[in-house]
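Each chain, written out:
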Amino acid sequence: MLSERRLEVLRAIVQDYVGTEEPVGSKALTERHRLGVSPATVRNDMAVLEDEGYIAQPHTSAGRIPTDKGYRLFVDKLAGVKPMTAPERRAIHHFLDGAVDLDDVVGRTVRLLAQLTRQVAVVQYPSLTRSTVRHVELLSLAPARVMLVLITDTGRVEQRMVDCPAPFGESSLADLRARLNSRITGRRFADVPQLVQDLPDAFESEDRGTVATVLSTLLETLVEETEERLMIGGTANLTRFGHDFPLTIRPVLEALEEQVVLLKLLGEVNDSGMAVRIGHENAHEGLNSTSVVSVGYGSGGEAVAKLGVVGPTRMDYPGTMGAVRAVARYVGQILAES
């Protein structure tokens, strides 16, 4: 275990390196931070931190920089989540408030996160496997043609045309709409097939074929929409950190183009707490020089998807964690109200 003083020295090294982009020396540390000890003692502490793998000497300069292990200790033990200022909170509010639908919410969230953190922002669409049905609307377009509209608890709206095997009257359509909503409103997608399987039996024999066709279209819609989608923004921000990537940013850019990689990066949605993956903790080789900060978002206290940012390991972790958490909370409120 490191002593409190050495933890303080590590904290100061991380803060200075993130702020100045320059390797940090013992003299600068004692000048900039109230460590209460001499430069010689700080040098000795830095030697111990280096021996234990928390800091490293990048080249022959006198300064040291944090390693992945050093950043990990900083995040786990030393860094609080920096709260957003009142103007920042107002900016989030203002920026997200005008969103008109789910695509707009996700698009605005990506732009906002990229601007706030000056990193690459990644936002996963709410997964329908965890969604519930808010409402199903059935509209008659012609005697044997119906429009089915599925609305989810996350504000997603899906429309399908249904060609019925026989004409279907308005009263039968109203009856089907009412029975359908009474059974599946507020229920998870996965539960719907069982809840509607005997519904055709409640109708006259001549209407059962049409009811079965409408239900079949509804179930197909639920299955289609369970695929994972995400949106990414702010990739150009990486060019500001060219010197933070050992050789080139190309492996990072290539990794960011792979949706499967990004979904793995964000992690499992059911693990919805704040997650910080640093450097080599990222399984994908192209992202070994990056850190990923992610958190779940959703309405009613349950996460339905994740959002986060990708940037260099030399990251303002408290500020980034604060921004990611604040945006996730606000997006959750929008979904709850939508």
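Everything numeric here is computed off the predicted structure, so don't read it as measured data. (Residues numbered from 1 in each chain as written. Predicted model: local features only at pLDDT ≥ 70, side-chain atom pairs only at ≥ 80, totals over all residues. Heavy atoms only, no water.)

Visitor: Which residues make up the overall build of the chain, and what values go with them?
Guide: Along its length, the chain carries twelve helices and ten strands. Here the chain has a C-alpha radius of gyration of 26 Å; the compact-globule value for 338 residues is 20 Å, and the former is much larger. For the chain, the spread of C-alpha atoms along the principal axes amounts to about 90 × 40 × 35 Å. Counting the 338 residues in the chain, one finds 49% classified as buried. (Helix = DSSP H or I, 4+ residues; strand = E, 2+ residues; numbered from the N terminus. Rg over C-alpha atoms; globule rule 2.2 N^0.38 Å. Buried < 20%, exposed > 50% of the residue type's maximum accessible area, 1.4 Å probe, protein only.)

Visitor: Which residues make up the environment of His94, and what are the values?
Guide: Mapped onto the fold, His94 is located in helix α5 (residues 86-97). Classification of His94 as exposed rests on a relative accessible area of 67%. In this structure, the C-alpha to C-alpha distance between His94 and Ala56, residues 38 residues apart in sequence, is 43 Å.

Visitor: Tell me about the nonpolar core, residues and numbers included.
Guide: Residues Leu29, Leu307 and Tyr317 are the most contacted members of the largest nonpolar core, which totals 58 residues. Residue contributions to this core peak at eleven residues, all from helix α12 (residues 317-337). Those residues within four positions of Leu307 in sequence are excluded, and the remaining contacts are Thr109, Leu113, Val122, Val123, Leu266, Val293, Ser294, Val295, Tyr297, Val324, Val327 and Ala328. In terms of nonpolar packing, the next biggest core, distinct from the first, is built from 23 residues, Val133, Val136, Phe168 and Ile184 among them. (Core = buried A, V, L, I, M, F, W, Y, C linked by side-chain atoms within 4.5 Å. Contact = heavy atoms within 4.5 Å.)

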